[in-house]
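For reference, the chains in residue letters:
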Amino acid sequence: MRGNKTTLTEPRSSDVLVLGAGAAGLMCAAVAGRRGRRVALVDHNAQPGRKILISGGGRCNFTNLHCAPDRFLSANPHFAKSALALYEPRHFLELVERYGIAWHEKTLGQLFCDHSSRAILDMLLAECARGHVEVVLDARVDRVERGPEGFRVATSQGELRGAALVMATGGLSIAKLGATGLAYDVARQFGLRIVEPRPALVPLVLGGEEARWTELAGVSADVTTEVDATRGKNAAPRFREKMLFTHRGLSGPAILQASSYWRAGEAVSVDFAPGLAGNAEVLEAMLRSPAGRDLGALKMALRAVLPQRLAHYLADVGAPSSWSNAALEACGWRLRRWEFHPVGTEGFEKAEVTAGGVNTDDLQSRTMEARAVPGLFFIGEGVDVTGHLGGFNFQWAWASAVAAGNAV
């Protein structure tokens, strides 16, 4: 651990208590500390920023150049606009470059460290040190109370007191890294509502007859996915990225993206040939094949746009009822809109983030402060704002943290 690590021996008072030393908590503590606030940053883990360290395959996909409100899912799609506008990707990139951290754009605006994600964590810890933030680790929170002078937090290392309390403890995803539901418990304690938390950016599980697709485990393909549901302002977008077959079902970026919108009982539609303009083009090679129209010709046609194992499997399970032009057109249409019916997800253990959380109607959008509880703030993953895959959730962590850090 680098920074001002503290072991408590008696009650300590600060201006601001930040619970949770992840991405949002570190950023909020640093911002508040640099403003001259006396800040205590508390975490029940022995090490801060554990999720930062494993993110992006150890290189931390720390933001996305194409950040926009429509890349976020929330019961109130307008809520995130203020914080995202006040702290943009360029602002975080300026901080990264100030610390001399080498970075690169991978695809689709995703920014990664050239080397280790440790550089991002060290940068945030250095910013906390510059703000004289008191860091308290291995401190399990037992109780949160509010009185006339502010908040009291009883921990396994003693009691902390602060005029303001910022909940940055995250959601339920990846319990092995210490995820808890503390943010939701505190929110309920003070009368805030919760949008039911659920796994997001998570692999989907296939069952029944569709479990046969797991025979293709390890095969990936460029596809377009879409959740077949209509939710008005939260209608699911289409995602064109890689899909991966697994031993339990479906994964890969295209599926992870769709999973944030998926609900039990809904289908996920997959276009296996997104690069082709029309349905007929999928089978054009076979329609003109001198070898005739049969299963072998269908497999040959599909191999032109898909990996061989997937092409052969699709041909076997999706072959037309006859080899007439009409039947082939129907076959092509189905290949462009193949429906899977997941029986569930792989849960919070495999989810990259948690969707749902503290209801944004109960928070001020420019400060993240609870409307009915002055001095109480919620930021990051614990709030009902969930980004798409590709650095958007980190950008929400930074933006919501800066909003709160400037307000406490």
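Quick look at the structure, then. Remember, it's a predicted structure, so these values are computed and weren't measured experimentally.

**Observations concerning the side chain of S400**
By secondary structure assignment, the location of S400 is in helix 12 (residues 392-405). Relative accessible area serves as the criterion here: at 0%, S400 is assigned to the buried category. Excluding residues within four positions of it along the chain, S400 makes contact with A83, M368, I379 and G380.

**So, the sheet that holds strand 18 (residues 344-345)**
The strands making up a sheet are joined through hydrogen bonds of the backbone, oriented either antiparallel or parallel. Read from one edge to the other, the open sheet built from 7 strands follows the order 17-16-13-14-15-12-18, with strand pairing classed as antiparallel. Lying at the two open borders of the sheet, with one neighbouring strand each, are strand 17 (338-340) and strand 18. As defined by bridge partners, strand 14 (residues 239-245) adjoins strand 15 (residues 249-251) across 2 bridges and the pair is classed as antiparallel. Directly across from F245, in strand 15, lies its bridge partner L250.

**With respect to the sheet that holds strand 3 (residues 61-64)**
Judged by pairing direction, the sheet is antiparallel, and its 3 strands sit side by side in the order 3-6-5 without closing on themselves. On the outer flanks of this sheet lie strand 3 and strand 5 (103-105), each paired with one strand and no other. Here the strands of the sheet are splayed against their neighbours by 25° on average, with no regard to which way each runs. Inspection of the sheet shows strand 3 paired to strand 6 (residues 110-113) by 3 bridges, in the antiparallel sense. Residue pairing across strands places N61 opposite F112, the latter belonging to strand 6. With respect to the sheet, helix 4 (residues 89-98) is in contact with strand 3, strand 5 and strand 6, its orientation differing from that of strand 3 by roughly 140°.

**Overview of the pattern of salt bridges**
Side chains bearing opposite charge may pair, as long as their charged atoms lie close to each other. Overall, the coordinates contain 18 salt bridges when judged by the stated rule. Here R152 ties to E145 by a salt bridge, and the two come within 3.0 Å at their closest N and O atoms. Look at E145 and you get partly exposed, because its relative accessible area is 29%. Between D222 and R240 there is a salt bridge; the shortest N-O distance is 2.9 Å. Remark: R240 occurs in strand 14 and D222 occurs in strand 13 (residues 220-227); sequence separation between them is 18 residues. Look at D222 and you get partly exposed, because its relative accessible area is 30%.

**Brief notes about the packing of aromatic side chains**
Tallied over the full model, the rule gives 14 aromatic pairs. Here the aromatic rings of F151 and F190 are separated by 6.0 Å at their centres, their planes lie at 75°, and the arrangement is edge-to-face. Separated by 39 residues along the polypeptide, F151 in strand 9 (residues 150-155) and F190 in the loop between helix 6 (182-189) and strand 11 (194-200) bring together distant segments of the chain. Each of the two residues, F151 as well as F190, counts as buried. Seen in terms of ring centroids, F272 and W338 are 6.5 Å apart; in terms of plane orientation they differ by 70°. Their pairing is edge-to-face. Residue F272 is found in the loop between strand 16 (268-271) and helix 8 (284-287), and its partner W338 is found in strand 17; the two are separated by 66 residues along the sequence.

**Description of the state of the cysteines**
Counted according to the given criterion, the structure contains 0 disulfides. Here C113 is not cross-linked by a disulfide; its sulfur's nearest cysteine counterpart is in C60, at 5.4 Å.

**Observations concerning the nonpolar core**
Membership of the largest hydrophobic core comes to 82 residues, with the highest contact counts inside it found for M27, F92, I120, L376, F378 and W396. The element that contributes the greatest number of residues to this core is helix 12, accounting for 10 residues. Apart from the residues within four sequence positions on either side, F378 is in contact with M167, A183, V186, A187, L192, V358, L363, M368 and V383. Membership of the second largest hydrophobic core comes to 34 residues, among which are L73, L206, V219 and A311.

**Structural notes on the packing of helix 4 against helix 5 (residues 118-130)**
Contact pair helix 4 / helix 5: the axes reach a minimum separation of 10 Å and the direction vectors enclose 90°. Compared by their axis directions, helix 4 and helix 5 come out roughly perpendicular. Of the residues in helix 5, those touching helix 4 at F92, L95 and V96 are I120, M123 and E127.

**Considering helix 4**
For helix 4, the complete set of buried residues consists of P89, F92, L93, L95 and V96. Along the axis of helix 4, the buried positions cluster into a sector of 155°, meaning they face one direction only. For helix 4, the elements touching its buried residues are helix 1 (23-34), strand 3, strand 5, strand 6, helix 5 and helix 12.

**Some details on the packing of helix 1 against helix 12**
Axis separation between helix 1 and helix 12 bottoms out at 8 Å; the angle between their running directions is 30°. By the angle between their directions, the pair helix 1 and helix 12 is classed as roughly parallel. Considering the relative orientation of helix 1 and helix 12, their crossing is right-handed. When helix 1 is examined against helix 12, the residues A23, A24, M27, C28, V31 and A32 are found in contact with a partner set consisting of F394, A397, W398, A401, V402, A404 and G405. When grouped by side-chain class, the residues that make up the contact of helix 1 with helix 12 number 12 nonpolar, 1 polar and no charged.

The rules behind the values
Residues numbered from 1 in each chain as written. Predicted model: local features only at pLDDT ≥ 70, side-chain atom pairs only at ≥ 80, totals over all residues. Heavy atoms only, no water. Helix = DSSP H or I, 4+ residues; strand = E, 2+ residues; numbered from the N terminus. Buried < 20%, exposed > 50% of the residue type's maximum accessible area, 1.4 Å probe, protein only. Contact = heavy atoms within 4.5 Å. Pairing = 2+ DSSP bridges. Axes fitted to C-alpha atoms, helices over the stretch in contact; angles between N-to-C directions. Salt bridge = Lys/Arg side-chain N within 4 Å of Asp/Glu carboxyl O. Phe/Tyr/Trp six-rings, centres within 6.5 Å; stacked < 30°, edge-to-face > 60°. Disulfide = S-S within 2.5 Å. Core = buried A, V, L, I, M, F, W, Y, C linked by side-chain atoms within 4.5 Å. Parallel < 35°, antiparallel > 145°, perpendicular 65-115°, else oblique. Arc of directions from axis to C-beta. Left-handed = near helix turned anticlockwise from the far one by under 90°. Nonpolar A, V, L, I, M, F, W, Y, C, P; charged D, E, K, R; others polar.

Functional significance is not addressed by these values, which are geometric in nature.
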